[in-house]
Amino acid sequence: MKISFIGGGNMATALIAGLVGKVPQPGDIHVVDPNPEALNKLHTQYGVDTASAIGDAVSASSVIVLAVKPQQMREVAAQLQPHLTGQPLLLSIAAGIRSADLSRWLDGYGAIVRAMPNTPALIKKGITGMVAMADVSADQKELADEVMRAVGDTLWLDDESQIDAVTAVSGSGPAYVFYFLEAMQQAATEMGLAPEEGKQLALATFMGAARLAAQSDEELAVLRQRVTSKGGTTHAAITSMEGAGVKQAIIEAMKAAQARGRELGDELGK
């Protein structure tokens, strides 16, 4: 499997780090980026092949990962189109760019998988929502899955419209977690603990609870109820959050993220 990355930013770097041991040799991974410092760093660290412009190495690839900024995608598509001679799989991880628009910019090219990873991919703990266009073969779909599984779990969707929900839940989700952790740390300091003590407690609690939920067959609500003895300290906290409308505020915030995802798709696809 020869893989080309168009773009050598953080997410591309995370994928390269996960893939470099899974290809016969590092040189089977080719990275195109106009930034010479980024290319030098990737070559030095991982031994991958690099170039400042799209060329023959991209044409020889079975998978081309589009990892550029959404605003650059139309221009990149124009540069890429002459090099799609071998019918490679295009795996787009650019936020907001719909497969139909990318296909249109590529004169109807259909072997496209759209993916929405998240930042825990940087430590191989990510999850990626994925959807394939009709022209993607079973083998190409497996290739796409193999690439994204290098940095975490994958979730295949039947309809691309669901990508906006994935963006709201997991794509933007790490920020919600950090936000909640910030609040826990601040509360800890206001109650007399040192900032680092509050951070340690919040992180360990969050990671432990998430792992417990992942390993349990019970519903999340049941797990919460088991910690929430009526009249106890946890009950007081949950009652306070319910009174403040915290759960509904979170739901509405995620719906706002979903709506913004749709808007970006409309704006970027024009």
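## A look at the overall build of the protein chain
Helix and strand counts for the protein chain stand at 12 helices and 8 strands. In the protein chain, buried positions account for 38% of the 270 residues. Taken as a whole, the protein chain presents about 15,000 Å² of accessible surface, with 55% of it coming from carbon and sulfur. Side-chain charges in the protein chain split into 22 positive and 30 negative, and the spacing between the mean points of these groups amounts to 4 Å.

## Remarks on the pairing of strand E8 (residues 152-156)
Relative to E8, strand E7 (residues 126-132) runs parallel, the two sharing 5 bridges. Within E8, the residue paired with isoleucine 127 across the bridge is aspartate 153. After leaving E7, the chain enters helix H6 (residues 138-149) and then returns to the sheet as E8, a path that is right-handed.

## Observations concerning the nonpolar core
Among the nonpolar cores identified, the biggest contains 31 residues, and Phe5, Val65, Leu91 and Val147 are the most heavily contacted of them. Counting residues per element, the ones that place at least two in this core are strand E1 (3-6), helix H1 (10-19), strand E2 (29-32), helix H2 (36-46), strand E4 (63-66), strand E5 (89-92), strand E6 (112-116) and H6. Counting 22 residues, the second largest nonpolar core, distinct from the first, contains Leu66, Val68, Val76 and Ile112.

## Describing the sheet that holds E6
Spatial ordering of the open sheet is given by E3-E2-E1-E4-E5-E6-E7-E8, a layout of 8 strands whose pairing is mixed. In the strand order of this sheet, the two ends are held by strand E3 (49-51) and E8, each with one partner. Direction aside, the axes of adjacent strands within the sheet are offset by 25° on average. Of the strand pairs in this sheet, E1 and E4 are connected by 4 bridges, and their pairing is parallel. Bridge assignment links isoleucine 6 to a residue of E4, and that residue is leucine 66. Relative to the sheet, helix H4 (residues 73-80) contacts E1, E4 and E5, its axis offset from that of E4 by approximately 155°.

## Topic: the packing of aromatic side chains
Counted by the stated rule, this structure contains 1 aromatic pair. Taking 6.2 Å as the distance between ring centres and 70° as the angle between the ring planes, the aromatic pair formed by phenylalanine 180 and phenylalanine 206 counts as edge-to-face. With phenylalanine 180 in helix H8 (residues 173-190) and phenylalanine 206 in helix H9 (residues 195-215), this pair connects stretches of sequence that are 26 residues apart. By relative accessible area, phenylalanine 180 is classed as partly exposed at 38%.

## Some thoughts on H2
Taken together, the buried positions of H2 are occupied by Ala38, Leu39, Leu42 and Tyr46. Projection of H2 onto a plane perpendicular to its axis shows the buried side chains occupying an angular sector of 100°, all on one side. Turned more than 90 degrees away from the buried face of H2, the exposed residues are Pro36, Glu37, Lys41 and Thr44. Buried-residue contacts for H2 involve H1, E2 and E3. Its side-chain oxygen at 2.9 Å from the backbone nitrogen of glutamate 37, asparagine 35 defines the N-terminal cap of H2.

## Thoughts on the environment of arginine 226
In this fold, arginine 226 is placed in helix H10 (residues 220-227). Taking the C-alpha atoms as reference, arginine 226 lies 42 Å from leucine 143; in sequence the two are 83 residues apart.

Conventions we followed
- Residues numbered from 1 in each chain as written.
- Predicted model: local features only at pLDDT ≥ 70, side-chain atom pairs only at ≥ 80, totals over all residues.
- Heavy atoms only, no water.
- Helix = DSSP H or I, 4+ residues; strand = E, 2+ residues; numbered from the N terminus.
- Buried < 20%, exposed > 50% of the residue type's maximum accessible area, 1.4 Å probe, protein only.
- Areas by Shrake-Rupley, 256 points an atom, 1.4 Å probe, with all protein chains shown as cover.
- Lys, Arg positive; Asp, Glu negative; His and termini not counted.
- Charge placed at Lys NZ, Arg CZ, Asp CG, Glu CD.
- Pairing = 2+ DSSP bridges.
- Right-handed = clockwise from strand over helix to strand, strands pointing away.
- Core = buried A, V, L, I, M, F, W, Y, C linked by side-chain atoms within 4.5 Å.
- Axes fitted to C-alpha atoms, helices over the stretch in contact; angles between N-to-C directions.
- Contact = heavy atoms within 4.5 Å.
- Phe/Tyr/Trp six-rings, centres within 6.5 Å; stacked < 30°, edge-to-face > 60°.
- Arc of directions from axis to C-beta.
- Polar contact = N/O pair within 3.5 Å; in protein donor to acceptor, adjacent residues only side chain to side chain.

What is shown is where atoms sit, not what they do.
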